[in-house]
Amino acid sequence: MNQNLDGMVIPRHVALILDGNGRWAKKRGLPRTMGHKEGCVTVEKTVEVAARMGIEYLTVYGFSTENWKRSSDEVGALMQLFRFYMVRLLKIASANNVRVKMIGDRTRFDQDIIDGINRLERETKDNTGLTFVIAVNYGGRDELTRAVRKLAADCCAGKLEPSAITEQVVNSYLDTADIPDPDLLIRTSGELRLSNYLLWQLAYTELYVTDCLWPDFNQEELEKAILSYNRRDRRFGGVK
Ligand code: IPE
Ligand code: IPE
Ligand code: MG
């Protein structure tokens, strides 16, 4: 690990919006799909680096509920890449003691992809190192809507009293129920928005945006983000 991080606090949970694959490809005169392919390689490398650094949770935004609006060619290419990388991830997860979890509504995917996701989670569930969370067909509003639906059903079934609904109860209905809130959010490619990512969970997360395009992201960029995080004065609404 780079000397730069000596004595630094390593955030327990880093959330990533990996943006800029299309721009990376465009700059090189390549089709957008090539950017996504290169972006997958960067995801693999980032998982390995994060595991080595001792980050406990890494959550990446792989495909949003809005991304279905892209051309059918691009969506199709992303699904193919997803199929391919799920198999590679099994190897990487085993080699690095990584537990993989998916959040988002997986029911919209083809059955073979659903089977692949379930297999990846099942076969890595006992790994004790980094938890790598992939948000696919994920939207913060969709997650909250699904949670509210389940919660309302439990109320109607008499399993839950409305007056007993606390923040902890709401949290337990989310896809991230067993995952602590992110400490640091990194967005690549310079956009200053959340794009429907982890809307509940990011309430007190520190934000870091870099102009670096996702396929160019590397250990040095991650270290820069962690150094910046270490200079923050986290307050959680209190005073210091
Ligand atoms: C992020 O890169 C990957 C996905 C959203 C799947 P983009 O495809 O959004 O790349 P840009 O923003 O067009 O450069
Ligand atoms: C956010 O990137 C979603 C993912 C990284 C999967 P987008 O490129 O889809 O977001 P917008 O369109 O810039 O808000
Ligand atoms: Mg984008």
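It should be noted that the structure appears before, not after, this text.
Quantities reported herein were computed from a predicted structural model and do not represent experimental measurements.

1. Observations regarding the site of ligand 1
Turning to step 1, where the next piece is worked out: Every residue near ligand 1 is listed here: Leu18, Asp19, Gly20, Asn21, Gly22, Arg23, Arg32, His36, Gly62, Asn67 and Arg70.
Turning to step 2, where the next piece is worked out: In this structure, Arg32 approaches ligand 1 through a side-chain N or O atom, which is 2.9 Å from an oxygen atom.
Turning to step 3, where the next piece is worked out: Relative to its unbound accessible area of 380 Å², ligand 1 is 87% covered by the protein chains.
Turning to step 4, where the next piece is worked out: The cavity that encloses ligand 1 is the largest pocket.
Turning to step 5, where the next piece is worked out: Here the element with the most residues in the shell around ligand 1 is helix H1 (residues 21-27); it accounts for 3 residues.

2. Some thoughts on the sheet that holds strand S3 (residues 99-103)
Turning to step 1, where the next piece is worked out: Strand order in the open sheet made by the 6 strands is S3-S4-S2-S1-S5-S6, with parallel pairing throughout. Across the chains shown, the open sheet's two edge strands, defined by having one partner strand only, are S3 and strand S6 (206-209). The mean angle between the axes of side-by-side strands here comes to 20°, regardless of whether they run parallel or antiparallel.
Turning to step 2, where the next piece is worked out: Sheet topology note: the strand S1 (residues 13-17)/strand S2 (residues 57-64) ladder contains 5 bridges and is parallel. Residue pairing for S2: Ile17 is matched across the bridge by Tyr61.

3. Regarding the packing of aromatic side chains
Turning to step 1, where the next piece is worked out: A complete count under the given rule lists 9 aromatic pairs for this structure.
Turning to step 2, where the next piece is worked out: Here the aromatic rings of Phe63 and Trp68 are separated by 4.9 Å at their centres, their planes lie at 75°, and the arrangement is edge-to-face.
Turning to step 3, where the next piece is worked out: Centroid distance Phe84 to Tyr85: 5.2 Å. Interplanar angle 85°. Geometry classified as edge-to-face.
Turning to step 4, where the next piece is worked out: Note on Phe84: relative accessible area 47%, which makes it partly exposed.
Turning to step 5, where the next piece is worked out: Connected via pairs of aromatic rings, a cluster forms that spans Phe63, Trp68, Phe82 and Phe109.
Turning to step 6, where the next piece is worked out: Cation over ring: Arg108 sits above Trp68, and NZ or CZ is 4.2 Å from the ring centre.

4. Quick look at the site of ligand 2
Turning to step 1, where the next piece is worked out: Taken together, Ile17, Leu18, Asp19, Tyr61, Gly62, Phe63, Ser64, Asn67, Arg70, Arg187, Arg193 and Ser195 make up all the residues around ligand 2.
Turning to step 2, where the next piece is worked out: At a separation of 3.1 Å, an oxygen atom of ligand 2 approaches a polar side-chain atom of Asp19.
Turning to step 3, where the next piece is worked out: Contacts to ligand 2 include Arg193, whose side-chain N or O atom sits 2.8 Å from an oxygen atom.
Turning to step 4, where the next piece is worked out: Alone, ligand 2 offers 390 Å² of accessible surface; in the complex the protein occludes 78% of this.
Turning to step 5, where the next piece is worked out: Because more than half of its atoms lie within 2 Å of the grid, ligand 2 is assigned to the largest pocket.
Turning to step 6, where the next piece is worked out: With 4 residues, the single largest contributor to the shell around ligand 2 is S2.

5. Concerning the packing of helix H2 (residues 32-53) against helix H7 (residues 219-230)
Turning to step 1, where the next piece is worked out: Running from N to C, H2 and H7 cross one another at 50°; their axes reach a closest spacing of 10 Å. Considering the angle they form, H2 stands oblique to H7. Crossing angle aside, the handedness with which H2 passes H7 is right-handed. Contacts from Val49, Arg52 and Met53 of H2 reach H7 at Gln219, Leu222, Glu223 and Ile226.
Turning to step 2, where the next piece is worked out: Residues that form the contact of H2 with H7 fall into these classes: 4 nonpolar, 1 polar and 2 charged.

About the thresholds
The residue count restarts for each chain, going from 1 along the sequence in the order it is written. Chain letters and ligand numbers both follow the written order, the letters beginning at A and the numbers at 1. Local features are withheld for residues below a pLDDT of 70 in this predicted model, meaning they are given only at 70 or higher, and side-chain atom pairs are given and counted only at 80 or more; totals for whole chains, interfaces and linings count all residues. Processing note: side-chain calculations cover all non-hydrogen atoms of the structure and skip hydrogens and water entirely. We call a residue near a molecule or strand as soon as one heavy atom of that residue lies within 4 Å of the molecule or strand. Two N or O atoms count as a polar contact when they lie within 3.5 Å, although within protein this holds only if one can serve as hydrogen donor and the other as acceptor, and sequence-adjacent residues are included solely when both atoms are side-chain atoms. Using a 1.4 Å probe, accessible areas were evaluated by the Shrake-Rupley method; residue-level cover was limited to the displayed protein chains. Site definitions follow a grid-based scheme: protein atoms alone, a 1 Å grid, a 1.4 Å probe that fits but cannot get out for cavities, and for pockets an open set with protein on both sides within 12 Å along at least five of seven lines, plus lining residues having an atom within 4 Å of a point. Just a note on the criterion: a molecule sits in a pocket or cavity if more than half of its atoms are within 2 Å of the grid points. Where helices and strands are cited, they refer to DSSP runs of H or I of at least four residues and of E of at least two residues respectively, numbered from the N terminus. Between any two strands, at least two bridges found by DSSP are needed for them to pair. A fitted line through C-alpha atoms represents every axis, and for helices the fit uses only the stretch in contact; the resulting angles, taken between N-to-C directions, go from 0 to 180 degrees. Between 30 and 60 degrees the pair is tilted, below 30 it is stacked and above 60 it is edge-to-face, where a pair is any two Phe, Tyr or Trp rings, Trp via its six-membered ring, whose centres lie within 6.5 Å. To sort residues, take the accessible area from a 1.4 Å probe on protein chains only and compare it with the maximum for the residue type: under 20% means buried, over 50% means exposed, and anything in between is partly exposed. Ring-over charges, as used throughout, are those where CZ of Arg or NZ of Lys falls within 6 Å of the ring centre and within 35 degrees of the ring normal. Any angle between 65 and 115 degrees counts as roughly perpendicular, while under 35 counts as roughly parallel, over 145 as roughly antiparallel, and the rest as oblique. Two helices cross in a left-handed way if the nearer one is turned anticlockwise from the farther one by less than a right angle. They cross in a right-handed way if the turn is clockwise. Note on contacts: a residue pair qualifies if any of its non-hydrogen atoms lie within 4.5 Å across the two residues. Gly is put with the polar residues, along with every residue not named as nonpolar or charged; the nonpolar set is Ala, Val, Leu, Ile, Met, Phe, Trp, Tyr, Cys and Pro, and the charged set is Asp, Glu, Lys and Arg.

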